[in-house]
Amino acid sequence: MRKAKKMSLSTNIKKPELLSPAGNFEKLKAALLYGADAVYCAGQSFGMRSAADNFTIDELKEAVEYTHARGKKLYLTLNTMPHYDEYPKLELFINEIKDFGIDAFIVADLGVMELVKKLAPHMEIHISTQASIVSPEAARAYASLGAKRLVLARELSFREIEAIRLGISPDTELEAFIHGSMCVSYSGRCMLSQMMTGRDGNRGKCTQPCRWNYVVYEEKRPDMPIPIEQTELGTFIMSSKDMCTIEHIPELIKSGIDSFKIEGRMKSAYYTAVVTNAYRMAIDKYFEDPENYEYNPDWFRELDSVSHREYCTGYYLDSPIENAQLTTQNGYIREKAYFATATEYNNDEAKKLSDAGIELENTDGKLFRFIQRNKVCVGDSAEIISPSRIGNAFCVKEIYLPNTAAVESAPHPSMIFWCRVPFDVSEGDIMRSGN
């Protein structure tokens, strides 16, 4: 990857917040366990990812309590562009949740912002990336309206972000995306889904037609469609690469960004855990000794293990006009198989195993309890990932069911099983396929 130009903004650098996606409660828990300082999520309406599971009113209240009990923050997205007939429902929703203790609302529409200020004057307001903030002038204008934090447009370079940071009050926070899917439209403001399917992407219902396969027809030969595909002469016309900035943590920090945001509320809990974990390790490593910071290639290996399109550095190093960052291959690069999650030790089950003559501990390791996510078999190469640690490899040699039966595989979703691992495993650790 290209190197960024040296930054001049280097005084009063503080450790940035790591902000992770929480498409549902399972993903929220994964984000917090694996190092997120804060999570962002949505209710059943008015968030830009309506296809995610999202949170009911009761779940949202519980999520705030769960997050705050761990000393972390929760932000709620209200970043759609509601039409006039949606405002009564929005007003009802805000009134229902305004006293839950949510740390901030993320908004994109000025009308929504004014409604929040009216109904919940105590609420901290963050301006969504949909607002396309690209200058100090725009940043100051939103701050003057009461915004505490500004989520910058994804099309900005490090130099432009530095200029915004230097041109606004230190009290105004800046947030920027550092990883995940990118929209081919400017800051995600696209009308293609609305035009083709009647589902408005600016109201959280994008069907991602930019990712579809297209064909070209010659006017007089409609029976001879020509697919639009990548060849040595060209590329896909609309599908963007995914952003990955793990190699540029120092530049991100020195540019004055207060919150590093990971995209992916519709991705898996495994994705949330692994991506959060990689950036947590990189950020912490930098602040251990900034002058002697060294990038660890294993962090990228972790990010390469999740489902993603081709990676790029977004537009931090390349202008959108010079490099649109379009994919050169169709579809996703598939992630490693998410085998299971370690669960709380069950003494009753452990006693049954012991009574049956099955050693809980021996020279090959200790039996640990897991809940299955995908089929895992004896003989499989596997890895355990833990908070602040990269994958630790081992071979699956023994699998037992809680009733002490030895089995060759754990094939059923959510089944409980015991597996011998040659090193310590903690609750919440993830077992995945190895190399």
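Residues numbered from 1 in each chain as written. Predicted model: local features only at pLDDT ≥ 70, side-chain atom pairs only at ≥ 80, totals over all residues. Heavy atoms only, no water.

A.B. asks: Break down the environment of Pro-297 for me, citing the residues and quoting the values.
C.D. replies: Looking at where Pro-297 falls in the secondary structure, it is placed in helix H10 (residues 297–304). Taking C-alpha positions, Pro-297 is 8.5 Å from Glu-247, a pair spaced 50 residues apart along the chain. (Helix = DSSP H or I, 4+ residues; strand = E, 2+ residues; numbered from the N terminus.)

A.B. asks: How would you summarise empty space enclosed by the protein if you had to cite specific residues and measurements?
C.D. replies: Applying the stated rule across the entire model yields 2 cavities of 30 Å³ or more. Volume-wise, the second largest cavity comes out at about 50 Å³. Residue lining of the second largest cavity: Leu-152, Ala-153, Arg-154, Ile-161, Ala-176, Phe-177, Met-243 and Tyr-316, and that is the complete set. Looking at the lining of the second largest cavity residue by residue, the classes come out as 7 nonpolar, no polar and 1 charged. (1 Å grid on protein atoms, 1.4 Å probe; cavity = no way out; pocket = protein on both sides within 12 Å on 5 of 7 lines; lining within 4 Å. Points joined across faces, edges and corners; volume = space filled by probe spheres on them. Nonpolar A, V, L, I, M, F, W, Y, C, P; charged D, E, K, R; others polar.)

A.B. asks: A description of the pattern of salt bridges should follow, citing residues and the corresponding values.
C.D. replies: Using the criterion set out here, one finds 23 salt bridges in the structure. Close ionic contact of Glu-288 with Lys-285 constitutes a salt bridge, the shortest N to O distance being 3.7 Å. Linking Glu-288 with Lys-285, this pair stays in helix H9 (residues 269–288), spanning 3 residues, or about one helical turn. Close ionic contact of Arg-432 with Glu-302 constitutes a salt bridge, the shortest N to O distance being 2.8 Å. In this pair, Arg-432 is assigned in strand S23 (residues 430–433) and Glu-302 in helix H10, connecting sequence segments 130 residues apart. (Salt bridge = Lys/Arg side-chain N within 4 Å of Asp/Glu carboxyl O.)

A.B. asks: Give a description of helix H1 (residues 25–33) that names residues and reports values.
C.D. replies: Buried within H1 we find Phe-25, Lys-27, Leu-28, Ala-30, Ala-31 and Leu-32. N-cap assignment for H1: the residue whose side-chain oxygen lies 3.2 Å from the backbone N of Glu-26 is Asn-24. Gly-35 occupies a position one or two residues after H1 and carries a positive phi of about 115 degrees. (Buried < 20%, exposed > 50% of the residue type's maximum accessible area, 1.4 Å probe, protein only. Polar contact = N/O pair within 3.5 Å; in protein donor to acceptor, adjacent residues only side chain to side chain.)

A.B. asks: Can you explain H10? Please cite residues and give values.
C.D. replies: Regarding H10, the residues found buried are Trp-299, Glu-302 and Leu-303. Looking straight down H10, one finds its buried side chains confined to an arc of 95 degrees; they lie on one side. Among the residues of H10, the N-terminal cap falls to Asn-296, whose side-chain oxygen and the backbone nitrogen of Asp-298 are separated by 2.9 Å. (Arc of directions from axis to C-beta.)

A.B. asks: Can you explain the nonpolar core? Please cite residues and give values.
C.D. replies: One finds Leu-78, Ile-102, Phe-105, Ile-127 and Tyr-279 to be the most contacted residues of the largest nonpolar core, which totals 93 residues. The element that contributes the greatest number of residues to this core is H9, accounting for 12 residues. Every residue in contact with Leu-78, bar those within four places of it in the chain, is listed here: Phe-46, Leu-90, Phe-93, Ile-94, Phe-105, Ile-106, Val-107, Ala-108, Val-112 and Val-116. Phe-368, Ile-399, Ala-410 and Phe-417 belong to the second largest nonpolar core, which has 20 residues in total. (Core = buried A, V, L, I, M, F, W, Y, C linked by side-chain atoms within 4.5 Å. Contact = heavy atoms within 4.5 Å.)

Purely geometric numbers; function is a separate question.
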